[in-house]
Number of protein chains: 2
Amino acid sequence: MKDDDNATMHAVLKGDRRAVARLITRVENTARDGDETLRAVFKHTGKAYRIGITGPPGAGKSTITNKLAAVFRARGGSVGIIAVDPTSPFTGGALLGDRVRMADVELDDGIFIRSMASRGSSGGLSRKAAEAADVLDAAGFETILFETVGVGQSELDIAGAADTTVVVLVPESGDAIQAMKAGLMEIADLFVLNKGDRPGADHAVMSIKMILGFRPHNDTTWMTGVLKTQANDGKGIDELAAAIDRHREFLVQTESLAQRRQARLRGRIRAIVEAKLDTHFWTPERSQELDEVLSRVVSREKTPYDVADDLLAHFAGRTT
Amino acid sequence: MKDDDNATMHAVLKGDRRAVARLITRVENTARDGDETLRAVFKHTGKAYRIGITGPPGAGKSTITNKLAAVFRARGGSVGIIAVDPTSPFTGGALLGDRVRMADVELDDGIFIRSMASRGSSGGLSRKAAEAADVLDAAGFETILFETVGVGQSELDIAGAADTTVVVLVPESGDAIQAMKAGLMEIADLFVLNKGDRPGADHAVMSIKMILGFRPHNDTTWMTGVLKTQANDGKGIDELAAAIDRHREFLVQTESLAQRRQARLRGRIRAIVEAKLDTHFWTPERSQELDEVLSRVVSREKTPYDVADDLLAHFAGRTT
């Protein structure tokens, strides 16, 4: 590790906010897989509890995330928030920057908020969010909240790769079938029906419960609960924090927490391998080879499968 | 090619519906990349015009797709529909099966409808949808409609990998910012505001137009239009078909159609290579190696990056 990397590392471990911010920026902007500092950071992780919060656009996830952060913060621990904001295709920037979000929560040294843009990084996004969380974890943040909009596989992956995953719906989300469509049901440890004072709220809660009832379960299965909140008024947030505590307790008692985390690490390793394989494979020469042969695929002289085989034939690794 | 594969192939080329259905089922269920029949099928593709239709759940995509299919069908050509239905995590089946959908359109030999489930196939889904379309293309269907819910990268990829991509919104979709959040704006060649008689419709159209105005464009750029429809009553469908015709004409005149199709084939080849590399790499031995070392990552003795490096070091291909 270079001297200034070493200095960054020490500052991060001491919880220096500016060093944390700087290192996360590096995580976001770097294509390199696991530089020395990130390797060093990783060895100091595993202490933070990671909570994913997801749901359709407009469900009130940011409000819930911010108020939940305040509850955990009030207990004395520090809280990190990683908000994955889908990016506007026209501006190239995140729709909600850190500044906008900061207005929602008190300026508090114990709460660190970071927005990450989701644009153009589909596959790498989960890895970058996990690495940003590693930085916060190493810096001593006890609780890390991932907030993502639940409208994409990579966004769901991020929220799902947490110790506890909370799915936020509103009565207007339509019936529970729509929620299932978005793939939210299978990652939820807890459901929150926000804007619970609106018409249709009780009906929506009942629909979700009914559908949850169809899931296979036994005595040792966590029973996914459904809570009502009115996040704008802070109603139900304490109950949500308590439900997250109960889920955490359940995971610890059943030894599922270790299993979950092991599975998560396995997924991370596979993703790193996949990215590196891709980088190794697509040398400038192979990209050129593909470009040159492409017109013969357009003319249907060759098929995409033939070209893939040809490209792979020159890759020594294929037979080992 | 085996004899019965050969027979299937000939039946597909003659447009035999049962052979088409059988081969698409094989595409759906096979993990193999490009068997002989698919290679043979590919050589007969490139004639169909592919249209993607996407948007949030509940926007009326199925109705629009079916009615649009009827318009194209009335012109004399045959029409294939590939509907990617998000799968219920509890049943394992597609939410809307072929049967349910069939009730919506007339039973007509010139329209072929196929539902594909999206569950659990994230990366492979685009490939399978493209291969199913290849089968229809080879079978002589002039127009192919892909219908996907616009709530996930892979679903967007499928709709985006078309010659013309239509994004369907409703006044209730909320403001245009929500649409941008879902990444819909950047793949749309045409916008449809369905349920155009509802309150807020004109406002929504104006918002979309305003945002589209921010996109960089010049004289040779296609100007993405916004159409209003009331698909349930069939209103606006003829206009939508005409707008698709105009976009097609534009692509042909500017030679963008060939470019689009070439880029699409490049993407398909890269995806095939990626999948094959992954298969080559994850031998039972390497999976076991990963399993064995995982506890040392949990204990933070090793990092995910170290493990990935170790695994790759034994892969001869990495240095070529």
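Remember, it's a predicted structure, so these values are computed and weren't measured experimentally.

Student: Sorry if this is basic, but what is going on with the overall build of chain A here?
Tutor: Counting its regular elements, chain A contains 13 helices and 7 strands. Relative to its 320 residues, chain A shows a buried fraction of 45%. If you take every contact in chain A between residues at least 6 apart in sequence, the share linking residues at least 24 apart comes to 73%.

Student: Hey, could you run me through the environment of A138 of chain B in this one?
Tutor: All names here are of chain B. In this fold, A138 is placed in helix 6 (residues 122-138). Sequence separation between A138 and V149 is 11 residues; the distance between their C-alpha atoms is 26 Å. With residues near it in sequence (within four places) discarded, A138 still touches V12, L13, V41, H44 and T45.

Student: Please explain the packing of helix 11 (residues 256-281) of chain A against helix 13 (residues 304-313) of chain B as it appears in this structure.
Tutor: Packed helices, taken two at a time, are described by the angle their axes make and the gap between the axes. Between helix 11 of chain A and helix 13 of chain B, the shortest axis-to-axis distance is 9 Å and the interhelical angle comes to 50°. In terms of orientation, helix 11 of chain A lies oblique with respect to helix 13 of chain B. Crossing angle aside, the handedness with which helix 11 of chain A passes helix 13 of chain B is right-handed. In contact with L265, R268, I269, I272, V273 and K276 of chain A of helix 11 of chain A, helix 13 of chain B contributes P304, Y305, V307, A308, L311 and L312 of chain B. Per-class residue counts for the contact of helix 11 of chain A with helix 13 of chain B are 10 nonpolar, no polar and 2 charged.

Student: Explain the environment of A258 of chain A here, please?
Tutor: Mapped onto the elements, A258 of chain A comes out in helix 11. C-alpha separation for the pair A258 of chain A and T224 of chain A, spaced 34 residues apart in sequence, amounts to 19 Å.

Student: Teacher, can you tell me more about the nonpolar core here?
Tutor: Soluble, globular proteins show a tendency: their nonpolar side chains are buried together. Formed by 156 residues in total, the largest nonpolar core has its most connected members in V135 of chain A together with V135 of chain B. The contacts of V135 of chain B, once residues within four sequence positions are left out, are V12, V20, L23, I24, V27 and V41 of chain B.

Student: Would you explain the pairing of strand 4 (residues 143-149) of chain A in this entry?
Tutor: Looking along a regular strand, one sees the side chains alternate between the two faces of the sheet. Residue and element names in this part refer to chain A. The buried fraction of strand 4 is high, at 7 of 7 residues. Here strand 4 shows no split at all, with T143, L145, E147 and V149 on one side and I144, F146 and T148 on the other all buried. Two elements, strand 1 (residues 49-55) and strand 4, share 7 bridges in a ladder whose sense is parallel. Residue pairing for strand 4: G52 is matched across the bridge by F146.

Student: Before we go on, may I ask you to explain the packing of helix 1 (residues 3-13) of chain A against helix 2 (residues 17-29) of chain A in this structure?
Tutor: Residues and elements named next belong to chain A. Remark: helix 1 packs on helix 2, axes separated minimally by 8 Å, with the N-to-C direction vectors making an angle of 120°. In this view, helix 1 runs oblique relative to helix 2, as classed from their interaxial angle. As helix 1 runs across helix 2, the sense of the crossing is left-handed. Contact residues: T8, A11 and V12 in helix 1; A19, V20, R22 and L23 in helix 2.

Student: Honestly, helix 4 (residues 61-74) of chain B in this entry has me stumped. Any pointers?
Tutor: Working note: α-helix, 3.6 residues per turn, so residues spaced by three or four point in the same direction. Residue and element names in this part refer to chain B. Spanning 14 residues, helix 4 covers 20 Å between terminal C-alpha atoms, matching the ideal 20 Å at 1.5 Å per step. Taking burial as the measure, the 14 residues of helix 4 include 10 buried ones, the bulk of the element. Within helix 4, burial applies to K61, S62, T63, I64, T65, N66, K67, L68, A69 and F72. One or two residues past the end of helix 4 sits G76, with phi positive at roughly 115°.

Student: Looking at this structure, how should I read unusual backbone geometry?
Tutor: Across the chain, the bulk of peptide bonds are trans and the bulk of non-glycine residues have phi less than zero. Backbone geometry at E255 of chain A places phi at a positive 60°, although glycine is not the residue there. Take E255 of chain A: it is sitting in the loop between helix 10 (237-253) and helix 11.

Student: Which parts of the structure should I look at to understand the confidence of the model for chain A?
Tutor: Predicted coordinates in regions of low pLDDT should not be interpreted in detail. Residue and element names in this part refer to chain A. A residue-level look at chain A finds 81% of positions with pLDDT of 70 or above and a mean pLDDT of 83. Mean pLDDT across the secondary structure elements of chain A bottoms out at helix 5 (residues 98-102), with 44, and peaks at helix 10, with 96. Low pLDDT (under 50) marks residues 87-104, which in the prediction has 37 contacts with non-local residues, meaning those over four places away or in another chain.

Student: Help me out: how do you make sense of the environment of A139 of chain A in this one?
Tutor: All names here are of chain A. With respect to the helices and strands, the residue A139 is situated in the loop between helix 6 (122-138) and strand 4. Residue A139 is classed as buried on the basis of its C-beta count, with 25 C-beta atoms lying within 10 Å. As a C-alpha pair, A139 and L125 span 14 residues in sequence and 21 Å in three-dimensional space. Setting aside residues no more than four positions away along its own chain, A139 makes contact with V12, L13, G15 and V20.

Thresholds, definitions, all that
Per chain, the residues get numbers from 1 upward, laid out in the order the sequence is written. Chain letters start at A and ligand numbers start at 1, both assigned in the order the entries are written. pLDDT decides what is reported in this predicted model: residues at 70 or higher carry local features, side-chain atom pairs at 80 or more are listed and counted, and totals for whole chains, interfaces and linings draw on all residues regardless. For the purposes of this entry, the term helix denotes a DSSP run of H or I that reaches at least four residues, the term strand denotes a run of E that reaches at least two, and both are numbered from the N terminus. Burial is judged by counting other C-beta atoms within 10 Å of a residue's own C-beta: 20 or more means buried, 12 or fewer means exposed, and anything between counts as partly exposed, with every C-beta placed from the backbone. With C-beta atoms placed from the backbone, a contact is any residue pair whose C-beta atoms sit within 7 Å. Angles shown run from 0 to 180 degrees and are taken between the N-to-C directions of axes, each axis being a line fitted to C-alpha atoms and, for helices, limited to the stretch in contact. Oblique is the label for any angle not covered by the other classes, which are roughly parallel (under 35 degrees), roughly antiparallel (over 145) and roughly perpendicular (65 to 115). When the near helix sits turned anticlockwise from the far one by under a right angle, the crossing is termed left-handed; a clockwise turn instead gives a right-handed crossing. We call Asp, Glu, Lys and Arg charged. Ala, Val, Leu, Ile, Met, Phe, Trp, Tyr, Cys and Pro are nonpolar, and the rest, Gly among them, are polar. Throughout this description, the term nonpolar core refers to a group of buried Ala, Val, Leu, Ile, Met, Phe, Trp, Tyr and Cys residues whose C-beta atoms join them within 7 Å. At least two DSSP bridges between two strands are required for those strands to pair. Here the expected span of a helix is defined as 1.5 Å times the quantity of residues minus one. Known as pLDDT, the predictor's per-residue confidence is scaled from 0 to 100.

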